[in-house]
Amino acid sequence: MEGVIREAIHNLKYRYYRALAPELGGLLARCLGDNPIDATVIVPAPLHRRKLRERGYNQSELVAREVGRLTGLRVEPGWLKRTKNSAPQVSVANRGERARNAQGAFEASGDLRGERVLVIDDVCTTGSTLAACSAALKDRGADAVWGLTVAREA
């Protein structure tokens, strides 16, 4: 991840530039327009409540809400909760440790049978966070789960 997108994500997450969320959400909505999927709902990747309290907002939720607005898909931020306050994936050394870091970190709620869920996050490093979110959603009956991120960390 380089350049303008890296800077935009960093500014959204750490410098409180919430005004960047509609721009990043617009990029994802255009991506979905070009590459449609059969999702029924959008679920943003959640932050642990401590991180949410520190930051004051979930950047993935802001982006997801814009994608929902532009695509007409409903957004359900309450369906997925981060139960484990693990280290940020970017600070974890290798793929195996990142997988262990994310494993069991999420819990879904409700009866999700029949739902086809699009999980939106800001950055994908190894895919461990998206895989853990997907597992939690499928455990509650989701028929299908896709992941969509603004950027991929190489």
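Keep in mind that what you see is a predicted model, and the values were worked out from it rather than measured.

### Details of the environment of tyrosine 57
Move 1: Relative to the assigned elements, tyrosine 57 resides in the loop between α3 (49–55) and α4 (59–71).
Move 2: Counting along the chain gives 44 residues from tyrosine 57 to lysine 13, while the straight-line C-alpha distance between them is 9.0 Å.
Move 3: Leave out the neighbours within four places in its chain, and tyrosine 57 touches Leu12, Lys13, Tyr16, Tyr17, Arg18, Leu47, Leu52 and Leu62.
Move 4: A distance of 2.3 Å separates the side chain of tyrosine 57 from the backbone oxygen of leucine 12, its partner in a polar contact.

### Observations regarding the nonpolar core
Move 1: Core analysis: the biggest nonpolar cluster contains 20 residues, and Leu24, Leu28, Ile42, Val63, Val67, Leu118 and Ile120 have the highest contact counts within it.
Move 2: Counting residues per element, the ones that place at least two in this core are α1 (3–14), α2 (20–34), α4, β5 (116–124) and β6 (144–152).
Move 3: The element best represented in this core is α2, accounting for four residues.
Move 4: Those residues in contact with leucine 28, other than ones at most four positions away along the chain, are Val63, Val67, Ile120, Leu148, Thr149 and Val150.

### Notes on the pattern of salt bridges
Opposite charge on two side chains allows them to pair when their charged atoms are near.
Move 1: What the rule picks out here adds up to eight salt bridges.
Move 2: The salt bridge partner of glutamate 115 is arginine 74, with a shortest N-O separation of 2.8 Å. In this pair, glutamate 115 is assigned in the loop between β4 (106–108) and β5 and arginine 74 in strand β2 (residues 74–75), connecting sequence segments 41 residues apart.
Move 3: In this structure glutamate 115 comes out as buried when scored by relative accessible area, which is 16%.
Move 4: Each of Arg74, Glu76 and Glu115 takes part in one network of salt bridges that share partners.

### Things to note about the packing of aromatic side chains
Move 1: This structure, assessed with the given rule, holds one aromatic pair.
Move 2: Pairing tyrosine 16 with tyrosine 57 gives two aromatic rings, centres 6.2 Å apart and planes at 75 degrees, and the pair type is edge-to-face. Of this pair, tyrosine 16 sits in the loop between α1 and α2 while tyrosine 57 is found in the loop between α3 and α4, placing the two residues 41 residues apart along the sequence.

### Some words on the pairing of strand β1 (residues 41–44)
Move 1: By the alternation rule, side chains of β1 split into Val41 and Val43 and Ile42 and Pro44, which are all buried.
Move 2: As judged from the two bridges shared by β1 and β2, these two strands associate in the parallel manner. Bridging from a neighbouring strand, isoleucine 42 pairs with valine 75 of β2.
Move 3: Bridge analysis of β1 against β5 gives four bridges, and the strand direction is parallel. Each bridged residue has a counterpart across the sheet, and for isoleucine 42 the counterpart in β5 is leucine 118.

Criteria and cut-off values
Residues numbered from 1 in each chain as written. Predicted model: local features only at pLDDT ≥ 70, side-chain atom pairs only at ≥ 80, totals over all residues. Heavy atoms only, no water. Helix = DSSP H or I, 4+ residues; strand = E, 2+ residues; numbered from the N terminus. Contact = heavy atoms within 4.5 Å. Polar contact = N/O pair within 3.5 Å; in protein donor to acceptor, adjacent residues only side chain to side chain. Core = buried A, V, L, I, M, F, W, Y, C linked by side-chain atoms within 4.5 Å. Buried < 20%, exposed > 50% of the residue type's maximum accessible area, 1.4 Å probe, protein only. Salt bridge = Lys/Arg side-chain N within 4 Å of Asp/Glu carboxyl O. Phe/Tyr/Trp six-rings, centres within 6.5 Å; stacked < 30°, edge-to-face > 60°. Pairing = 2+ DSSP bridges.

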